[in-house]
Amino acid sequence: MRENGKKIITVGVTGASGAVLAQKMLALLDSDPRVERIHLVVTETGQRLFAEELATAAGSPNQLVQRLLGGASQKIEQIANKDVGASIASGSYKVDAMAVIPCSVGTLAKIAVGTCDDLVARSADVMLKEGRKLILCVRDTPFSRIHLENMLRAQEAGAVIMPAIPSFYHAPRTIDDLVTQYVCRVLAQMDLPQEVMFRWTGSAAAKEAKA
């Protein structure tokens with residue numbers, strides 16, 4: 001966190017299904033006054049994911065943020081995944097938290113074994129070696145033993161494994177309700193709790209039993 005109390009966040013996006021999760025996270029981070037800067041790194045398959053699931057293919061790659069948010073952002077800096085010399089590739093540059101959302105099992109494997117051949121994997125590796133918060137929003141199903149072992153390996157190294165699993169206890173009515181609740185839970189892991197997040201306070205039946 002900066003001296004002004006604001007956070008710097010890295011968001012990595014891979015080719016696993018779930019582009020809307022990344023879109024929602026970027027929107028919430030961009031509107032959060034506690035966040036100073038967001039570094040966005042999208043893999044080549046992540047670019048394809050946005051194009052196929054959110055129809056963002058039109059325009060140049062550097063216009064991606066504007067197409068995702070419906071307007072320009074003063075906070076979000078998009079960095080090429082090939083730029084392994086970027087600021088976030090070094091531990092001397094302080095990033096408060098990073099989320100890979102959605103996180104493919106291929107990227108999970110890279111992170112789990114320390115293969116730093118692109119910026120998403122390298123910046124995630126930096127978070128682990130510096131003891132900073134790294135959240136991997138793994139999106140695949142079913143999981144093979146290889147996937148599970150890689151999740152365990154990454155978790156033992158310090159990552160938070162947070163598969164993209166929706167919740168239903170808040171009585172969602174739309175896909176956006178599901179997406180928002182999940183992304184809010186991820187942001188809470190970054191110490192950025194959101195007012196729109198539903199918080200369970202106990203079932204009505206349990207409250208009646210205590211009355």
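Bear in mind that the values here come from a model prediction, so they are computed numbers and not experimental data.

## With respect to the overall build of the protein
Counting secondary structure elements, the protein contains eight helices and six strands. Written out in order from the N terminus, the α and β elements of the protein read β-α-β-α-α-β-β-α-α-β-α-β-α-α. On C-alpha atoms alone, the protein measures out to a radius of gyration of 17 Å, which is about the 17 Å that the 2.2 N^0.38 rule sets for 211 residues. For the protein, the C-alpha atoms occupy an extent of roughly 60 × 40 × 40 Å along the three principal directions. For the protein, buried positions account for 44% of its 211 residues. Long-range pairs, those at least 24 residues apart, make up 74% of the contacts in the protein with a sequence separation of at least 6. A total accessible area of about 10,600 Å² is found for the protein, and carbon and sulfur atoms account for 52% of it.

## What to know about the pairing of strand β4 (residues 97–103)
Most of β4 is tucked away, with seven of its seven residues classed as buried. Residues A97, A99, I101 and C103 line one face of β4 and the alternating positions M98, V100 and P102 line the opposite face, and both faces are buried. Summarising the sheet, strand β1 (residues 7–13) and β4 pair through four bridges and their orientation is parallel. Bridged to G12 within β4 is V100. Sheet topology note: the β4/strand β5 (residues 133–138) ladder contains five bridges and is parallel. Within β5, the residue paired with M98 across the bridge is L134.

## A closer look at the state of the cysteines
Counted under the stated rule, the structure contains zero disulfides. Cysteine C116 is unpaired, with the sulfur of C103 as its nearest cysteine sulfur at 14 Å. What makes C116 partly exposed here is its relative accessible area of 30%. Cysteine C184 remains unbridged, with the sulfur of C137 as its closest cysteine sulfur at 12 Å. Take C184: its relative accessible area is 0%, and that puts it in the buried class.

## Regarding a nonpolar patch on the surface
A contiguous nonpolar patch, built from Y169, F198 and W200 and spanning about 320 Å² of accessible area, is present on the exposed surface. As for its position among the elements, W200 is in the loop between α7 (175–189) and α8 (204–210).

## Regarding the pattern of salt bridges
Here the structure, examined in full by the defined rule, presents eight salt bridges. Two residues, R34 and D32, come together in a salt bridge whose shortest N-O distance is 2.7 Å. Taking the relative accessible area as the measure of exposure, R34 reaches 31% and is therefore partly exposed. Judged by relative accessible area, D32 falls into the buried class, the value being 4%. K110 is the partner of D117 in a salt bridge, and the nearest nitrogen-oxygen pair spans 3.1 Å. A single salt-bridge network, built from bridges that share partners, covers K110, D117 and D118.

## Points about the side chain of Q181
With respect to the helices and strands, the residue Q181 is situated in helix α7. At 2.9 Å, the side chain of Q181 forms a polar contact with the backbone nitrogen of F198. Excluding anything up to four places from it in sequence, Q181 contacts S167, Y169, H170, M197 and F198.

## With respect to the nonpolar core
Residues V11, M25, L29, I101, V183 and M190 are the most contacted members of the largest nonpolar core, which totals 35 residues. Elements that contribute at least two residues to this core include exactly β1, α1 (19–30), β2 (35–42), α2 (44–54), α3 (64–69), β4, β5 and α7. With seven residues, the top contributor of residues to this core is α1. Discounting residues that sit within four places of it in the chain, V183 has contacts with L21, K24, M25, L28 and I101. A89, L119, A124 and A159 belong to the second largest nonpolar core, which has 24 residues in total.

Parameters and conventions
Residues numbered from 1 in each chain as written. Predicted model: local features only at pLDDT ≥ 70, side-chain atom pairs only at ≥ 80, totals over all residues. Heavy atoms only, no water. Helix = DSSP H or I, 4+ residues; strand = E, 2+ residues; numbered from the N terminus. Rg over C-alpha atoms; globule rule 2.2 N^0.38 Å. Buried < 20%, exposed > 50% of the residue type's maximum accessible area, 1.4 Å probe, protein only. Contact = heavy atoms within 4.5 Å. Areas by Shrake-Rupley, 256 points an atom, 1.4 Å probe, with all protein chains shown as cover. Pairing = 2+ DSSP bridges. Disulfide = S-S within 2.5 Å. Patch = residues over 30% accessible without salt bridge, like charges linked within 9 Å, V, L, I, M, F, W, Y side chains within 5 Å. Salt bridge = Lys/Arg side-chain N within 4 Å of Asp/Glu carboxyl O. Polar contact = N/O pair within 3.5 Å; in protein donor to acceptor, adjacent residues only side chain to side chain. Core = buried A, V, L, I, M, F, W, Y, C linked by side-chain atoms within 4.5 Å.

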